[in-house]
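Here is how the chains run, residue by residue.
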Amino acid sequence: MSLRIGQGIDRHRLVEGRPLILGGVRIASQRGLLGHSDADALTHAICDALLGALALGDLGQRFPDTDEAHRGRDSQEFLAEIVQEVRERGFEPVNLDCTVMAEAPRLAPHLAAMRARLAQTLAVSADRISIKATRGEGLGPEGRGEGMTAYAVVLVESVEGKGQ
Ligand code: MG
């Protein structure tokens, strides 16, 4: 069996007049993340972690924010496409551990829904997906409420006889 690990980090600015979408879940909030797609920083970090595990570049190369075709796109579509490629290359996600750093709103009540949504997109069981939320304690851009940052680490294993 061959194991590979990947990490991803993504940060987006919080602004008025945008929906807040994290892990594919829309969360009631005065402000949302600014970005070309739906700006789902958590899903973007997971995409980068999967791409990183197989040394396939990054999300920005694959879905450039200069391409109008990606404006407003649901980031679950990016993730579904990437995990499909991971499988085509003979690997299967083992587990995923994520942290979202955000001052407000409180994310704890939404973590179960995010895990369920991501489990559906990745076609893995939700018990393989960990999402933690932490606050910036008033420090840095997250602590000041200027934005949110998501971190993801993923382990993938080769499916027998396929991956290298
Ligand atoms: Mg992003």
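Our subject is the structure that appears above.
Just so it is clear, the structure is predicted and the values come from calculations on it, not from any experiment. (Residues numbered from 1 in each chain as written. Predicted model: local features only at pLDDT ≥ 70, side-chain atom pairs only at ≥ 80, totals over all residues. Heavy atoms only, no water.)

### Quick notes on the sheet that holds strand β5 (residues 91-101)
Rule in force here: Only strands that DSSP links by at least two bridges are regarded as paired with each other. Put simply, DSSP marks the helices as runs of H or I at least four residues long and the strands as runs of E at least two long, and each gets a number from the N terminus on. Fitting a line to C-alpha atoms yields each axis, with helices limited to the stretch in contact; the angle taken between N-to-C directions then spans 0 to 180 degrees. The contact definition used throughout considers only heavy atoms, calling two residues in contact when any of these lie within 4.5 Å.
Strand order in the open sheet formed by five strands is β4-β1-β7-β5-β6, with mixed pairing between adjacent strands. Looking at strand neighbours, the two that pair on one side only are β4 (31-33) and β6 (129-134), the edges of this open sheet. Here the strands of the sheet are splayed against their neighbours by 20° on average, with no regard to which way each runs. Strand direction decides the pairing type here: strand β1 (residues 3-16) and β4, joined by three bridges, are antiparallel. From the neighbouring strand, Val15 faces β4, where its bridge partner is Gly32. Where helix α1 (residues 41-53) meets the sheet, it contacts β1, β4, β5, β6 and β7 (147-158), and its direction lies at approximately 155° from that of β1. Against the sheet, helix α3 (residues 75-88) contacts β5 and β7, and its axis sits at roughly 145° relative to β5.

### Here's the deal with the packing of α1 against helix α4 (residues 111-122)
Threshold: We call two directions roughly parallel when the angle between them is under 35 degrees, roughly antiparallel when it is over 145, roughly perpendicular when it lies between 65 and 115, and oblique otherwise. Handedness of each helix crossing follows the sense of rotation of the near helix against the far helix: counterclockwise by less than a right angle gives left-handed, clockwise gives right-handed.
Running from amino to carboxyl end, α1 crosses α4 at an angle of 40°, the nearest separation of the two axes being 12 Å. The angle between α1 and α4 falls in the class oblique. With respect to the hand of their crossing, α1 and α4 are arranged in right-handed fashion. Note on element contacts: α4 touches α1 through Met114, Leu118 and Leu122, opposite Leu42, Thr43, Ile46 and Leu50.

### A word on α4
We apply this condition: For a helix, the expected span equals 1.5 Å multiplied by the number of residues minus one. Accessibility here uses a 1.4 Å probe with only protein chains present; expressed as a share of the type maximum, an area under 20% marks a residue as buried, one over 50% as exposed, and anything in between as partly exposed. The directions from the helix axis to the C-beta atoms are what the arc is built from.
The end-to-end C-alpha distance of α4 is 16 Å, a good match for the 16 Å that twelve residues give at a rise of 1.5 Å each. Turning to α4, its buried residues number three or more, namely Leu111, Met114, Leu118, Ala119, Thr121 and Leu122. An end-on view of α4 places all buried positions within 160° of arc, on one side of the element. The exposed residues of α4 that point more than 90 degrees off its buried face are Ala112 and Gln120.

### Details of the nonpolar core
Under the convention used in this document: Buried Ala, Val, Leu, Ile, Met, Phe, Trp, Tyr and Cys residues form a nonpolar core when they are joined through side-chain atoms within 4.5 Å.
Formed by 44 residues in total, the largest nonpolar core has its most connected members in Leu22, Leu42, Ile46 and Leu50. Among the elements of the structure, β2 (20-22), β3 (25-27), α1, α3, β5, α4, β6 and β7 are those that each provide at least two residues to this core. Every residue in contact with Leu50, bar those within four places of it in the chain, is listed here: Leu79, Ile82, Val83, Val86, Leu122, Val154 and Val156.

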